[in-house]
Amino acid sequence: EDQVTQSPEALRLQEGESSSLNCSYTVSGLRGLFWYRQDPGKGPEFLFTLYSAGEEKEKERLKATLTKKESFLHITAPKPEDSATYLCAVQASGGGSNYKLTFGKGTLLTVNP
Amino acid sequence: NAGVTQTPKFQVLKTGQSMTLQCAQDMNHEYMSWYRQDPGMGLRLIHYSVGAGITDQGEVPNGYNVSRSTTEDFPLRLLSAAPSQTSVYFCASSYSVQTEAFFGQGTRLTVV
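Basis of the calculations
- Counting from 1, residues in each chain are numbered in the order their sequence is written.
- As they are written, the chains are lettered A onward and the ligands numbered 1 onward, keeping that order.
- Given that this is a predicted model, residues contribute local features only at a pLDDT of at least 70 and side-chain atom pairs are listed and counted only at 80 or more, while totals for whole chains, interfaces and linings are drawn from all residues.
- Only hydrogens and water are removed before side-chain values are computed, so all heavy atoms of the structure are retained for them.
- Strand pairing requires that DSSP identify at least two bridges connecting the strands.
- The way it works is that DSSP assigns letters per residue, a run of H or I at least four long becomes a helix, a run of E at least two long becomes a strand, and they are numbered from the N terminus.
- Axis lines are fitted through C-alpha atoms, for helices just across the contact stretch, and the angle between N-to-C directions can take any value from 0 to 180 degrees.
- Pairing of aromatic rings covers Phe, Tyr and Trp, the last through its six-membered ring, and needs centres within 6.5 Å; plane angles under 30 degrees mean stacked, over 60 mean edge-to-face, and all others mean tilted.
- The classification of residues rests on relative accessible area computed with a 1.4 Å probe and restricted to protein chains. Under 20% of the type maximum is buried, over 50% is exposed, and intermediate values are partly exposed.
- In the sections that follow, a salt bridge refers to a side-chain nitrogen of Lys or Arg positioned within 4 Å of a carboxyl oxygen of Asp or Glu.
- We call two N or O atoms a polar contact when they sit within 3.5 Å, provided that within protein one can donate a hydrogen and the other can accept it, with sequence-adjacent residues counted only if both atoms are side-chain atoms.
- Here, residues are in contact when the closest pair of their heavy atoms is within 4.5 Å.

Caption draft 1: Spatial organisation of the sheet that holds strand β8 (residues 70-75) of chain A. Residue and element names in this part refer to chain A. With antiparallel pairing, five strands are arranged side by side in an open sheet as β1-β3-β8-β7-β6. Since the sheet does not close on itself, it has two edges, and those belong to β1 (3-7) and β6 (56-59), each with one partner. On average, adjacent strands in this sheet sit at an angle of 15° to one another, irrespective of strand direction. Bridge count between β1 and strand β3 (residues 19-26): five bridges; the pairing is antiparallel. Along β3, the bridge assignment pairs S7 with N22.

Caption draft 2: Fine view of the packing of aromatic side chains. Applying the stated rule across the entire model yields eight aromatic pairs over all chains. Taking 5.6 Å as the distance between ring centres and 85° as the angle between the ring planes, the aromatic pair formed by F103 of chain A and Y35 of chain B counts as edge-to-face. Placement of the pair is F103 of chain A in strand β10 (residues 101-103) and Y35 of chain B in strand β4 (residues 31-37), with the two residues belonging to separate chains. Y35 of chain B gets classed as buried once you look at its relative accessible area, which sits at 1%.

Caption draft 3: Layout of the pattern of salt bridges. Following the criterion strictly, the structure yields six salt bridges over all chains and no others. The salt bridge partner of R61 of chain A is D82 of chain A, with a shortest N-O separation of 2.8 Å. Here R61 of chain A is found in the loop between β6 and β7 (62-66), whereas its partner D82 of chain A is found in the loop between β8 and β9 (84-92), with 21 residues between them in sequence. Judged by its relative accessible area of 6%, D82 of chain A is buried. The partner of R36 of chain B in a salt bridge is D38 of chain B, and the shortest N-O contact between them spans 2.9 Å.

Caption draft 4: Examining the side chain of S71 of chain A more closely. Residues and elements named next belong to chain A. By secondary structure assignment, the location of S71 is in strand β8. You can call S71 buried: its relative accessible area is 0%. Here the side chain of S71 touches T65 through a polar contact of 2.6 Å, landing on its backbone oxygen. Excluding anything up to four places from it in sequence, S71 contacts L21, N22, C23, L33, W35, L50, T65 and L66.

Below, the structure written as structure tokens:
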């Protein structure tokens, strides 16, 4: 069974204090790993897709990396507007699960000014 | 483009009542899905569709029905609401199996 574990559950940073969020996964064959941002009362908003180990993607202050067992979302010099819950999801390749996204429980990030 | 639109945003049902959550997308996406989000748990897949006329069960399908008569619409039906179905429901669509999913704003459902 596909599993996704995100850590920490919650993270509080000061503005400008860089850090990383972790997403560990177990999947029979990885089709893709997705990062989403979710603001309170809203639906998840897509950030990145990573397909293979060693791949990296960047967007503003965010950088996502992928290994065979985990992904990191690095946040450089965060601002208060980066406060949100960050969700990680994996999609397995092949078989009956070829469309299912398995989500982690998320990391609640709070950035204080 | 409106993206993925869900209605209603909030709903309170009594146990045993039935209702339909609406989902529409204007991006001509073939793939659509329904998730529920509960406190302390990740989003869980209820049902999904890979195109008009084709649907399949996800992880937690019991108590829910879906149909896909058009590319744009993917309604979720609760047959006989139970308190365990109190949750936030999200509809999502994507261009293909391997591309990112776009989510609606959610429907917060309370069953009393």
